[in-house]
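Topology and contacts: notes
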Amino acid sequence: MEFLDSPYFCEYMWTHLYKSPDDNVKLCCIDKGDSLGNLQEKTLEEIRNGDVYKKIRKDVLAGKKLDRCKICHEQEEKGIGSYRKTTASFKNYDEYAKPILFLDYRADNTCNLACKSCGSGFSTKLIDTDLKLGIITESEASTKRLFSKKNKKVLEYKDALNNIENIYFAGGEPLVNQQHWDMLDYLKNTDRLKNITLSYNTNLTTLTFKNYKVEDYWYDVESIDVMASIDGFDKGFEYFRTGAKWNTIVDNMKRVTRINKNALRLSITVGWMNLKSVLDLCKFVLENNIISSYENIDLTYMYGCEGGKLSETPLEIKNELIENINLFLDYLSNHKKIYEENNLKSILISFIKTINNSVDNDNSFKKWITKLKIIDKQYKTNINEILTFKNPNINNRIQNTYNSIVI
Ligand code: SF4
(Lines give C-alpha, C1' and ligand atoms only; values in the text may rest on other atoms or scores of the structure.)
Protein backbone atom coordinates (compact mmCIF):
# COMPACT_ATOMS: atom_id res chain seq x y z
CA MET A 1 0.00 0.00 0.00
CA GLU A 2 1.32 3.46 -0.90
CA PHE A 3 1.54 5.56 2.23
CA LEU A 4 -0.97 8.13 0.97
CA ASP A 5 -3.44 5.30 0.30
CA SER A 6 -3.57 4.52 3.99
CA PRO A 7 -6.90 6.00 5.15
CA TYR A 8 -5.33 7.01 8.47
CA PHE A 9 -2.02 8.41 7.28
CA CYS A 10 -1.04 11.46 9.32
CA GLU A 11 2.31 13.05 8.67
CA TYR A 12 2.53 14.26 12.25
CA MET A 13 3.46 10.71 13.28
CA TRP A 14 6.75 11.23 11.45
CA THR A 15 7.46 14.94 11.62
CA HIS A 16 5.78 16.34 14.72
CA LEU A 17 7.16 16.58 18.23
CA TYR A 18 4.66 17.15 21.00
CA LYS A 19 6.13 17.56 24.48
CA SER A 20 3.77 17.99 27.42
CA PRO A 21 4.49 20.18 30.46
CA ASP A 22 5.64 17.02 32.31
CA ASP A 23 8.16 16.06 29.59
CA ASN A 24 6.10 13.27 28.05
CA VAL A 25 6.15 12.83 24.28
CA LYS A 26 3.02 11.96 22.34
CA LEU A 27 1.97 11.95 18.69
CA CYS A 28 0.30 15.34 19.09
CA CYS A 29 -1.69 17.33 21.66
CA ILE A 30 -4.93 15.41 21.03
CA ASP A 31 -3.34 11.94 21.07
CA LYS A 32 -5.42 9.91 23.54
CA GLY A 33 -2.84 7.15 23.98
CA ASP A 34 -0.16 6.59 26.63
CA SER A 35 3.06 8.54 26.65
CA LEU A 36 5.54 7.37 24.02
CA GLY A 37 8.33 8.10 26.46
CA ASN A 38 9.48 10.69 28.95
CA LEU A 39 12.43 12.90 28.06
CA GLN A 40 13.77 12.62 31.60
CA GLU A 41 14.15 8.86 31.09
CA LYS A 42 15.01 8.48 27.40
CA THR A 43 16.70 10.43 24.65
CA LEU A 44 14.60 12.00 21.94
CA GLU A 45 16.00 9.52 19.43
CA GLU A 46 15.17 6.56 21.71
CA ILE A 47 11.58 7.76 21.89
CA ARG A 48 11.05 8.80 18.26
CA ASN A 49 12.58 5.62 16.87
CA GLY A 50 11.64 3.32 19.74
CA ASP A 51 9.62 0.12 19.26
CA VAL A 52 6.30 1.67 20.32
CA TYR A 53 6.56 4.61 17.96
CA LYS A 54 7.77 2.41 15.06
CA LYS A 55 4.85 0.03 15.53
CA ILE A 56 2.41 2.95 15.38
CA ARG A 57 3.86 4.05 12.05
CA LYS A 58 3.85 0.50 10.67
CA ASP A 59 0.23 0.00 11.73
CA VAL A 60 -0.90 3.22 10.11
CA LEU A 61 0.96 2.46 6.88
CA ALA A 62 -0.81 -0.91 6.88
CA GLY A 63 -4.14 0.92 7.01
CA LYS A 64 -4.93 0.34 10.70
CA LYS A 65 -7.14 2.75 12.61
CA LEU A 66 -5.54 3.76 15.90
CA ASP A 67 -7.70 4.17 18.96
CA ARG A 68 -5.33 6.86 20.25
CA CYS A 69 -6.26 9.06 17.26
CA LYS A 70 -9.97 8.81 18.00
CA ILE A 71 -10.53 12.58 18.25
CA CYS A 72 -9.52 12.97 14.60
CA HIS A 73 -11.58 9.95 13.55
CA GLU A 74 -14.67 11.19 15.38
CA GLN A 75 -14.40 14.67 13.87
CA GLU A 76 -13.97 13.26 10.39
CA GLU A 77 -16.98 10.96 10.87
CA LYS A 78 -19.04 14.03 11.83
CA GLY A 79 -17.83 15.79 8.70
CA ILE A 80 -15.82 18.32 10.70
CA GLY A 81 -12.22 18.95 9.68
CA SER A 82 -9.64 17.23 11.89
CA TYR A 83 -6.02 17.97 12.82
CA ARG A 84 -4.80 14.96 10.80
CA LYS A 85 -2.14 16.03 8.33
CA THR A 86 -2.90 14.14 5.16
CA THR A 87 -0.33 15.81 2.94
CA ALA A 88 3.28 14.67 2.77
CA SER A 89 6.53 16.63 2.94
CA PHE A 90 8.70 13.64 1.96
CA LYS A 91 8.65 11.05 -0.82
CA ASN A 92 8.54 7.88 1.23
CA TYR A 93 7.50 6.92 4.71
CA ASP A 94 8.48 3.82 6.63
CA GLU A 95 8.56 2.96 10.31
CA TYR A 96 11.36 5.47 11.06
CA ALA A 97 10.90 9.09 12.08
CA LYS A 98 11.55 11.95 9.64
CA PRO A 99 13.19 15.24 10.61
CA ILE A 100 11.05 17.29 12.97
CA LEU A 101 9.15 19.99 11.08
CA PHE A 102 6.49 20.80 13.68
CA LEU A 103 7.29 21.46 17.30
CA ASP A 104 4.53 21.67 19.92
CA TYR A 105 6.47 22.61 22.97
CA ARG A 106 4.94 22.96 26.44
CA ALA A 107 8.03 23.83 28.46
CA ASP A 108 6.40 23.30 31.85
CA ASN A 109 3.42 24.40 33.94
CA THR A 110 4.79 27.82 34.95
CA CYS A 111 1.90 30.29 34.75
CA ASN A 112 1.07 33.69 36.20
CA LEU A 113 -2.69 33.06 36.41
CA ALA A 114 -5.00 30.75 38.36
CA CYS A 115 -7.89 30.51 35.90
CA LYS A 116 -11.06 28.94 37.21
CA SER A 117 -11.25 26.51 34.27
CA CYS A 118 -7.63 25.32 34.48
CA GLY A 119 -5.68 22.91 36.69
CA SER A 120 -2.27 22.20 38.19
CA GLY A 121 -1.00 20.40 35.08
CA PHE A 122 -0.97 23.75 33.30
CA SER A 123 -0.61 26.28 36.10
CA THR A 124 1.71 26.28 39.09
CA LYS A 125 -0.77 28.67 40.73
CA LEU A 126 -3.37 25.89 40.91
CA ILE A 127 -1.29 23.19 42.59
CA ASP A 128 -2.61 24.04 46.07
CA THR A 129 -6.16 24.25 44.71
CA ASP A 130 -5.99 20.76 43.19
CA LEU A 131 -4.43 19.46 46.38
CA LYS A 132 -7.27 20.90 48.49
CA LEU A 133 -9.83 19.49 46.05
CA GLY A 134 -8.24 16.04 46.41
CA ILE A 135 -7.55 15.89 42.66
CA ILE A 136 -3.82 15.34 43.28
CA THR A 137 -1.82 13.85 46.14
CA GLU A 138 0.90 15.59 48.12
CA SER A 139 3.54 13.67 46.18
CA GLU A 140 1.98 14.64 42.82
CA ALA A 141 1.90 18.26 44.00
CA SER A 142 5.61 18.09 44.85
CA THR A 143 6.37 16.70 41.38
CA LYS A 144 4.33 19.44 39.70
CA ARG A 145 6.16 22.11 41.68
CA LEU A 146 9.44 20.86 40.22
CA PHE A 147 8.54 20.69 36.51
CA SER A 148 10.30 23.95 35.71
CA LYS A 149 13.51 22.88 37.50
CA LYS A 150 13.68 19.27 36.33
CA ASN A 151 12.32 19.49 32.79
CA LYS A 152 14.57 19.22 29.79
CA LYS A 153 15.24 22.53 28.10
CA VAL A 154 14.26 23.02 24.48
CA LEU A 155 17.75 24.05 23.41
CA GLU A 156 19.09 20.66 24.53
CA TYR A 157 17.39 19.40 21.36
CA LYS A 158 18.49 22.17 19.03
CA ASP A 159 20.38 19.75 16.73
CA ALA A 160 17.17 17.80 16.19
CA LEU A 161 15.35 21.03 15.35
CA ASN A 162 17.45 22.11 12.37
CA ASN A 163 14.59 21.56 9.93
CA ILE A 164 11.88 23.07 12.06
CA GLU A 165 9.25 25.10 10.16
CA ASN A 166 6.42 25.52 12.69
CA ILE A 167 6.58 26.05 16.41
CA TYR A 168 3.60 26.09 18.72
CA PHE A 169 4.24 27.40 22.22
CA ALA A 170 1.71 26.69 24.94
CA GLY A 171 2.08 25.97 28.59
CA GLY A 172 1.76 27.03 31.27
CA GLU A 173 2.11 30.53 29.96
CA PRO A 174 4.84 30.57 27.30
CA LEU A 175 5.45 34.32 27.44
CA VAL A 176 6.58 34.14 31.07
CA ASN A 177 8.80 31.14 30.39
CA GLN A 178 12.54 31.66 29.86
CA GLN A 179 12.70 28.63 27.53
CA HIS A 180 10.40 30.33 25.04
CA TRP A 181 12.61 33.42 24.83
CA ASP A 182 15.79 31.31 24.66
CA MET A 183 14.36 29.51 21.64
CA LEU A 184 13.43 32.79 19.93
CA ASP A 185 16.91 34.17 20.61
CA TYR A 186 18.48 31.04 19.16
CA LEU A 187 16.38 31.27 15.99
CA LYS A 188 17.11 34.98 15.65
CA ASN A 189 20.85 34.55 16.17
CA THR A 190 20.96 31.76 13.59
CA ASP A 191 18.95 33.91 11.16
CA ARG A 192 16.11 31.41 10.94
CA LEU A 193 13.16 33.39 12.26
CA LYS A 194 12.20 34.41 8.72
CA ASN A 195 11.55 30.75 7.84
CA ILE A 196 9.48 29.98 10.92
CA THR A 197 5.76 30.05 11.53
CA LEU A 198 5.12 30.79 15.18
CA SER A 199 1.88 29.93 16.96
CA TYR A 200 0.95 30.54 20.55
CA ASN A 201 -1.63 29.72 23.07
CA THR A 202 -1.22 32.54 25.57
CA ASN A 203 -3.22 34.26 28.26
CA LEU A 204 -1.99 37.55 26.73
CA THR A 205 -1.36 39.14 30.13
CA THR A 206 2.11 40.21 29.07
CA LEU A 207 4.04 40.66 25.85
CA THR A 208 7.29 41.50 27.61
CA PHE A 209 9.47 39.45 29.94
CA LYS A 210 12.67 40.68 31.61
CA ASN A 211 14.42 42.54 28.74
CA TYR A 212 12.53 40.71 26.01
CA LYS A 213 9.61 42.02 24.02
CA VAL A 214 7.63 40.30 21.30
CA GLU A 215 8.18 43.04 18.72
CA ASP A 216 11.89 42.12 18.56
CA TYR A 217 10.95 38.71 17.15
CA TRP A 218 7.39 38.64 15.83
CA TYR A 219 8.01 41.19 13.07
CA ASP A 220 10.71 38.90 11.65
CA VAL A 221 8.90 35.56 11.44
CA GLU A 222 7.36 34.13 8.31
CA SER A 223 3.96 34.12 9.94
CA ILE A 224 2.48 34.52 13.38
CA ASP A 225 -0.68 33.18 14.97
CA VAL A 226 -1.54 34.27 18.51
CA MET A 227 -4.36 32.32 20.10
CA ALA A 228 -5.36 34.25 23.17
CA SER A 229 -7.27 32.45 25.90
CA ILE A 230 -9.81 35.05 26.96
CA ASP A 231 -12.88 33.58 28.58
CA GLY A 232 -15.03 36.57 29.31
CA PHE A 233 -15.55 40.31 29.24
CA ASP A 234 -14.43 42.96 31.74
CA LYS A 235 -15.22 41.97 35.36
CA GLY A 236 -16.41 38.52 34.29
CA PHE A 237 -13.11 38.03 32.48
CA GLU A 238 -11.15 39.12 35.55
CA TYR A 239 -13.08 36.68 37.73
CA PHE A 240 -12.56 33.65 35.49
CA ARG A 241 -8.95 34.44 34.55
CA THR A 242 -7.76 34.97 38.10
CA GLY A 243 -4.90 37.45 38.23
CA ALA A 244 -5.50 39.06 34.83
CA LYS A 245 -6.58 42.66 34.25
CA TRP A 246 -9.11 43.44 31.52
CA ASN A 247 -7.55 46.77 30.46
CA THR A 248 -4.15 45.15 30.01
CA ILE A 249 -5.68 42.43 27.86
CA VAL A 250 -7.41 45.00 25.65
CA ASP A 251 -4.10 46.88 25.24
CA ASN A 252 -2.28 43.65 24.42
CA MET A 253 -4.90 42.55 21.88
CA LYS A 254 -4.37 45.88 20.10
CA ARG A 255 -0.58 45.52 20.37
CA VAL A 256 -0.70 42.11 18.64
CA THR A 257 -2.86 43.46 15.82
CA ARG A 258 -0.42 46.32 15.32
CA ILE A 259 2.33 43.77 14.65
CA ASN A 260 0.12 41.80 12.30
CA LYS A 261 -3.54 42.64 11.78
CA ASN A 262 -4.53 39.01 11.19
CA ALA A 263 -2.43 37.41 13.93
CA LEU A 264 -4.90 37.51 16.78
CA ARG A 265 -7.31 34.66 17.40
CA LEU A 266 -9.45 34.20 20.45
CA SER A 267 -9.50 30.75 21.98
CA ILE A 268 -12.48 30.81 24.34
CA THR A 269 -13.43 28.06 26.76
CA VAL A 270 -17.13 28.11 27.54
CA GLY A 271 -19.00 26.75 30.53
CA TRP A 272 -22.44 27.68 31.80
CA MET A 273 -21.15 30.30 34.19
CA ASN A 274 -19.13 32.41 31.70
CA LEU A 275 -21.31 31.98 28.60
CA LYS A 276 -23.00 35.38 28.89
CA SER A 277 -19.69 37.13 29.50
CA VAL A 278 -18.19 35.34 26.47
CA LEU A 279 -20.99 36.63 24.22
CA ASP A 280 -20.26 40.16 25.48
CA LEU A 281 -16.61 39.61 24.62
CA CYS A 282 -17.46 38.52 21.07
CA LYS A 283 -19.52 41.70 20.58
CA PHE A 284 -16.77 43.86 22.03
CA VAL A 285 -14.02 42.59 19.72
CA LEU A 286 -16.25 42.98 16.68
CA GLU A 287 -17.45 46.48 17.51
CA ASN A 288 -13.94 47.69 18.34
CA ASN A 289 -12.36 46.14 15.23
CA ILE A 290 -9.96 44.13 17.37
CA ILE A 291 -10.58 40.89 15.54
CA SER A 292 -10.19 40.91 11.78
CA SER A 293 -12.80 38.22 11.21
CA TYR A 294 -15.18 36.07 13.20
CA GLU A 295 -13.22 33.16 11.72
CA ASN A 296 -10.67 34.14 14.32
CA ILE A 297 -12.92 33.28 17.23
CA ASP A 298 -12.79 29.70 18.45
CA LEU A 299 -15.43 28.81 21.00
CA THR A 300 -14.78 25.48 22.67
CA TYR A 301 -16.53 23.51 25.35
CA MET A 302 -15.02 23.67 28.81
CA TYR A 303 -13.93 20.16 29.78
CA GLY A 304 -12.41 18.62 32.86
CA CYS A 305 -14.16 21.00 35.28
CA GLU A 306 -16.85 18.89 36.91
CA GLY A 307 -20.00 20.91 37.48
CA GLY A 308 -18.95 23.86 35.31
CA LYS A 309 -19.57 22.41 31.86
CA LEU A 310 -22.43 23.39 29.55
CA SER A 311 -23.61 19.78 29.73
CA GLU A 312 -24.13 20.38 33.48
CA THR A 313 -26.05 23.65 33.21
CA PRO A 314 -28.26 24.17 36.28
CA LEU A 315 -32.01 24.02 35.66
CA GLU A 316 -32.57 27.58 36.86
CA ILE A 317 -30.34 29.09 34.17
CA LYS A 318 -31.11 27.00 31.08
CA ASN A 319 -33.75 29.29 29.57
CA GLU A 320 -31.79 32.43 30.30
CA LEU A 321 -28.65 31.10 28.60
CA ILE A 322 -30.57 29.90 25.56
CA GLU A 323 -32.20 33.33 25.33
CA ASN A 324 -28.74 34.97 25.55
CA ILE A 325 -27.48 32.81 22.68
CA ASN A 326 -30.54 33.50 20.52
CA LEU A 327 -30.21 37.25 21.09
CA PHE A 328 -26.58 37.02 20.08
CA LEU A 329 -27.47 35.05 16.95
CA ASP A 330 -29.94 37.83 16.05
CA TYR A 331 -27.20 40.37 16.60
CA LEU A 332 -24.82 38.37 14.38
CA SER A 333 -27.40 38.10 11.64
CA ASN A 334 -27.25 41.90 11.34
CA HIS A 335 -23.63 41.42 10.31
CA LYS A 336 -24.72 39.20 7.46
CA LYS A 337 -21.39 38.58 5.83
CA ILE A 338 -19.80 37.59 9.08
CA TYR A 339 -22.77 35.45 10.02
CA GLU A 340 -22.77 33.46 6.82
CA GLU A 341 -19.04 32.99 6.55
CA ASN A 342 -18.08 31.69 9.92
CA ASN A 343 -18.77 28.64 12.00
CA LEU A 344 -19.71 30.62 15.08
CA LYS A 345 -23.38 30.08 14.32
CA SER A 346 -23.05 26.28 14.25
CA ILE A 347 -21.09 26.09 17.51
CA LEU A 348 -23.64 28.37 19.21
CA ILE A 349 -26.47 26.18 17.97
CA SER A 350 -24.64 23.16 19.31
CA PHE A 351 -24.36 24.99 22.66
CA ILE A 352 -28.16 25.39 22.70
CA LYS A 353 -28.60 21.65 22.12
CA THR A 354 -26.11 20.83 24.87
CA ILE A 355 -27.85 23.17 27.32
CA ASN A 356 -31.24 21.68 26.45
CA ASN A 357 -29.91 18.17 27.14
CA SER A 358 -27.80 19.10 30.15
CA VAL A 359 -28.05 17.24 33.44
CA ASP A 360 -28.14 19.28 36.63
CA ASN A 361 -26.37 17.23 39.29
CA ASP A 362 -26.19 18.80 42.72
CA ASN A 363 -22.95 17.01 43.70
CA SER A 364 -21.17 18.19 40.57
CA PHE A 365 -22.56 21.70 41.07
CA LYS A 366 -21.15 21.71 44.59
CA LYS A 367 -17.73 20.50 43.37
CA TRP A 368 -17.56 23.37 40.89
CA ILE A 369 -18.54 25.97 43.49
CA THR A 370 -15.98 24.45 45.90
CA LYS A 371 -13.23 24.96 43.34
CA LEU A 372 -14.30 28.59 42.89
CA LYS A 373 -14.32 29.17 46.63
CA ILE A 374 -10.84 27.70 47.10
CA ILE A 375 -9.42 29.91 44.34
CA ASP A 376 -11.36 32.94 45.62
CA LYS A 377 -9.92 32.46 49.07
CA GLN A 378 -6.36 31.99 47.87
CA TYR A 379 -6.35 34.83 45.35
CA LYS A 380 -8.89 37.17 46.94
CA THR A 381 -11.37 37.10 44.06
CA ASN A 382 -15.04 37.76 44.70
CA ILE A 383 -17.85 35.49 43.50
CA ASN A 384 -20.27 38.46 43.59
CA GLU A 385 -18.65 39.67 40.34
CA ILE A 386 -20.46 36.94 38.44
CA LEU A 387 -23.76 36.75 40.34
CA THR A 388 -25.41 38.81 37.64
CA PHE A 389 -27.90 36.33 36.22
CA LYS A 390 -31.42 37.64 35.64
CA ASN A 391 -32.98 34.70 37.42
CA PRO A 392 -32.40 35.38 41.16
CA ASN A 393 -32.87 31.66 41.92
CA ILE A 394 -29.53 30.74 40.34
CA ASN A 395 -27.73 33.60 42.09
CA ASN A 396 -29.23 32.42 45.39
CA ARG A 397 -28.35 28.79 44.72
CA ILE A 398 -24.72 29.69 43.96
CA GLN A 399 -24.52 31.97 47.00
CA ASN A 400 -26.12 29.46 49.39
CA THR A 401 -23.93 26.61 48.17
CA TYR A 402 -20.88 28.85 48.37
CA ASN A 403 -21.67 29.85 51.94
CA SER A 404 -22.28 26.23 52.99
CA ILE A 405 -18.86 25.04 51.84
CA VAL A 406 -16.24 24.85 54.56
CA ILE A 407 -12.65 24.85 53.29
S1 SF4 B 1 -4.36 11.48 13.36
FE2 SF4 B 1 -4.97 13.16 14.67
S3 SF4 B 1 -4.61 12.38 16.76
FE4 SF4 B 1 -3.45 11.08 15.35
S5 SF4 B 1 -1.42 11.98 15.28
FE6 SF4 B 1 -2.58 12.84 13.58
S7 SF4 B 1 -3.42 14.75 14.39
FE8 SF4 B 1 -2.78 13.53 16.14
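Above this text sits the structure in question.
Here is a short report on the structure shown in this document.

What follows concerns helix α15 (residues 344-356). An α-helix turns once every 3.6 residues. As a result, residues three or four positions apart point the same way. Look at α15: 19 Å from first C-alpha to last across 13 residues, which is about the 18 Å you get at 1.5 Å a residue. For α15, the complete set of buried residues consists of L348, F351 and I355. Angular distribution of buried residues about the axis of α15 spans 50°; they occupy a single face of the element. When the buried face of α15 is taken as reference, the exposed residues oriented beyond 90 degrees from it are S346, K353 and N356. Contact partners of the buried residues in α15: β9 (264-270) and α13 (318-333).

A separate point is the packing of α13 against α15. Two numbers describe how α13 lies on α15: the axes approach to 10 Å, and their chain directions differ by 165°. Classified by the interaxial angle, the pair formed by α13 and α15 is roughly antiparallel. Note on packing geometry: the crossing formed by α13 with α15 is left-handed. Residues K318, L321, I322, I325, F328, L329 and L332 of α13 pack against L344, K345, L348, F351, I352 and I355 of α15. Looking at the contact of α13 with α15, its residues break down into eleven nonpolar, no polar and two charged.

The next point concerns the site of the ligand. Around the ligand sit 13 residues in total, of which C10, L27, C28, C69 and C72 are the nearest. Within the residue set of the shell around the ligand, elements represented by two or more residues are α1 (12-15) and α4 (70-77). Of the residues contributing to the shell around the ligand, the split by class is ten nonpolar, one polar and two charged.

Counting residues in each nonpolar core, the largest one holds 100 residues, and the members touching the most others are L103, I167, V226, A228 and I230. If we ignore the near neighbours within four places in the chain, the residues touching L103 are L17, L161, I164, I167 and Y168.

Below, the discussion takes up the sheet that holds strand β8 (residues 223-229). With respect to topology, eight strands assemble into an open sheet ordered β2-β1-β3-β4-β5-β8-β9-β10, the strand pairing being mixed. Two strands bound the open sheet, and with one partner strand each, they are β2 (25-26) and β10 (297-301). Relative to β10, β9 runs parallel, the two being bridged by five bridges. Opposite L266, over in β10, you have I297 as the bridge partner.

Rules used in this analysis
- Residues numbered from 1 in each chain as written.
- Predicted model: local features only at pLDDT ≥ 70, side-chain atom pairs only at ≥ 80, totals over all residues.
- Helix = DSSP H or I, 4+ residues; strand = E, 2+ residues; numbered from the N terminus.
- Expected span 1.5 Å × (residues − 1).
- Buried ≥ 20, exposed ≤ 12 C-beta atoms within 10 Å, placed from the backbone.
- Arc of directions from axis to C-beta.
- Contact = placed C-beta atoms within 7 Å.
- Axes fitted to C-alpha atoms, helices over the stretch in contact; angles between N-to-C directions.
- Parallel < 35°, antiparallel > 145°, perpendicular 65-115°, else oblique.
- Left-handed = near helix turned anticlockwise from the far one by under 90°.
- Nonpolar A, V, L, I, M, F, W, Y, C, P; charged D, E, K, R; others polar.
- Near = placed C-beta within 6 Å.
- Core = buried A, V, L, I, M, F, W, Y, C linked by C-beta atoms within 7 Å.
- Pairing = 2+ DSSP bridges.

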